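Structural description and commentary
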Amino acid sequence: MLSSMLGSSLACRLLARSSLKVESYMQIVFAVSAVCLFIPVFTSFLVTPANEKGGGISFTGCIQLLGFCAFEACVGIFWPSIMKMRSQYIPEEARSTTMNFFRIPLNIFVCVVLYNFFKPWKQSRAEM
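Remember, predicted model here, so these are calculated numbers, not experimental data.

Rules used in this analysis
- Residues numbered from 1 in each chain as written.
- Predicted model: local features only at pLDDT ≥ 70, side-chain atom pairs only at ≥ 80, totals over all residues.
- Heavy atoms only, no water.
- Helix = DSSP H or I, 4+ residues; strand = E, 2+ residues; numbered from the N terminus.
- Rg over C-alpha atoms; globule rule 2.2 N^0.38 Å.
- Contact = heavy atoms within 4.5 Å.
- Areas by Shrake-Rupley, 256 points an atom, 1.4 Å probe, with all protein chains shown as cover.
- Lys, Arg positive; Asp, Glu negative; His and termini not counted.
- Charge placed at Lys NZ, Arg CZ, Asp CG, Glu CD.
- Patch = residues over 30% accessible without salt bridge, like charges linked within 9 Å, V, L, I, M, F, W, Y side chains within 5 Å.
- Salt bridge = Lys/Arg side-chain N within 4 Å of Asp/Glu carboxyl O.
- Buried < 20%, exposed > 50% of the residue type's maximum accessible area, 1.4 Å probe, protein only.
- Core = buried A, V, L, I, M, F, W, Y, C linked by side-chain atoms within 4.5 Å.
- UniProt positions renumbered as here; feature names shortened; annotations may be inferred.
- Axes fitted to C-alpha atoms, helices over the stretch in contact; angles between N-to-C directions.
- Parallel < 35°, antiparallel > 145°, perpendicular 65-115°, else oblique.
- Left-handed = near helix turned anticlockwise from the far one by under 90°.
- Phe/Tyr/Trp six-rings, centres within 6.5 Å; stacked < 30°, edge-to-face > 60°.
- Expected span 1.5 Å × (residues − 1).

A separate point is the overall build of the protein chain. Of regular secondary structure, the protein chain possesses four helices and zero strands. The linear arrangement of helices and strands in the protein chain, starting from the amino end, is α-α-α-α. Computed over its C-alpha atoms, the radius of gyration of the protein chain comes to 21 Å, more than 25% above the 14 Å expected for a compact globule of 128 residues. For the protein chain, the spread of C-alpha atoms along the three principal axes comes to 55 × 45 × 20 Å. Contacts in the protein chain between residues at least 24 apart in sequence constitute 77% of all its contacts with a sequence separation of at least 6. As presented, the protein chain carries roughly 10200 Å² of accessible surface, and 69% of it is formed by carbon and sulfur atoms. Put simply, the protein chain has 11 plus and 6 minus side-chain charges, and the middle of one group is 1 Å from the middle of the other.

A cluster of nonpolar side chains, namely Leu-106, Phe-109, Val-110, Val-113, Leu-114, Phe-117 and Phe-118, defines an oily patch on the protein surface of about 670 Å² accessible area. Among the secondary structure elements, Phe-117 is positioned in helix 4 (residues 95–127). Of the residues examined, Phe-117 reaches a relative accessible area of 55% and is grouped as exposed.

Of all hydrophobic cores here, the largest spans 10 residues; its members are Ala-11, Leu-14, Val-22, Tyr-25, Met-26, Val-29, Cys-74, Ile-77, Ile-82 and Met-85. Elements supplying a minimum of two residues to this core: helix 1 (2–16), helix 2 (22–46) and helix 3 (59–89). Setting aside chain neighbours within four positions, we find Ala-11 in contact with Gly-76, Ile-77, Pro-80 and Ser-81.

Another point: the UniProt feature "transmembrane region" (unreviewed entry) in the protein chain. Feature annotation in UniProt places "transmembrane region" (unreviewed entry) on residues 26–47, 59–79 and 99–118, given in this structure's numbering. Note that residues 26–47 is 95% helix and 0% strand, and that its end C-alpha atoms are spaced 31 Å apart. Helix makes up 100% of residues 99–118 and strand makes up 0%, while its end C-alpha atoms are separated by 29 Å.

Further remarks concern the packing of helix 1 against helix 3. Working note: a packed helix pair is described by the angle between its axes plus the distance between those axes. Between helix 1 and helix 3, the least distance of the axes is 7 Å, while the angle of their chain directions is 40°. Considering the angle they form, helix 1 stands oblique to helix 3. Taken as a pair, helix 1 and helix 3 cross one another with a handedness that is right-handed. Side by side, helix 1 and helix 3 meet where Ser-3, Ser-4, Gly-7, Ser-8, Leu-10, Ala-11 and Leu-15 of the first sit next to Cys-69, Glu-72, Ala-73, Gly-76, Ile-77, Pro-80, Ser-81 and Lys-84 of the second.

Moving on, we get to the packing of aromatic side chains. Counted under the stated rule, the structure contains four aromatic pairs. Both rings, one in Phe-78 and one in Trp-79, keep their centres 4.9 Å apart while their planes meet at 75°; by these two values the pair is edge-to-face. For Phe-78, a relative accessible area of 23% puts it in the partly exposed group. Each residue in the set Phe-30, Phe-78 and Trp-79 is aromatic and connected to the rest through ring pairs, giving one cluster.

Bringing helix 3 into the picture now. In a regular helix each residue adds 1.5 Å, so 31 residues correspond to 45 Å; helix 3 covers 44 Å between its end C-alpha atoms and thus fits that length. The set of residues buried in helix 3 consists of Thr-60, Gly-61, Gly-67, Cys-74, Gly-76, Ile-77, Ser-81, Ile-82 and Met-85. Buried-residue contacts for helix 3 involve helix 1 and helix 2.

Written out as structure tokens, the structure reads:
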């Protein structure tokens, strides 16, 4: 939550600068968030886990925690910035219709994926 709040605060400062366009720094935010989500994958393959039980967080755990916190900061930057871009490019009188129109394919996609995901699960439960 703190990382998201810090990202939102940073977005407020970035949006206050009139010389900086939202689209220019959002490309950087997307790239940084992709790298941050790749960190746990990267560290799990390259660093061997410690065999000792208990104790504090390992170095790998610290790196992964920092990656997730940086991703949350990117999420905090994303929401205010995307709202600014929506207000710039989608007129107020058509904003809700336009946004809901683009949610229809997303909802259809989710329903198809969930139907196909739970279909084998239902069949295996029926065999029991």
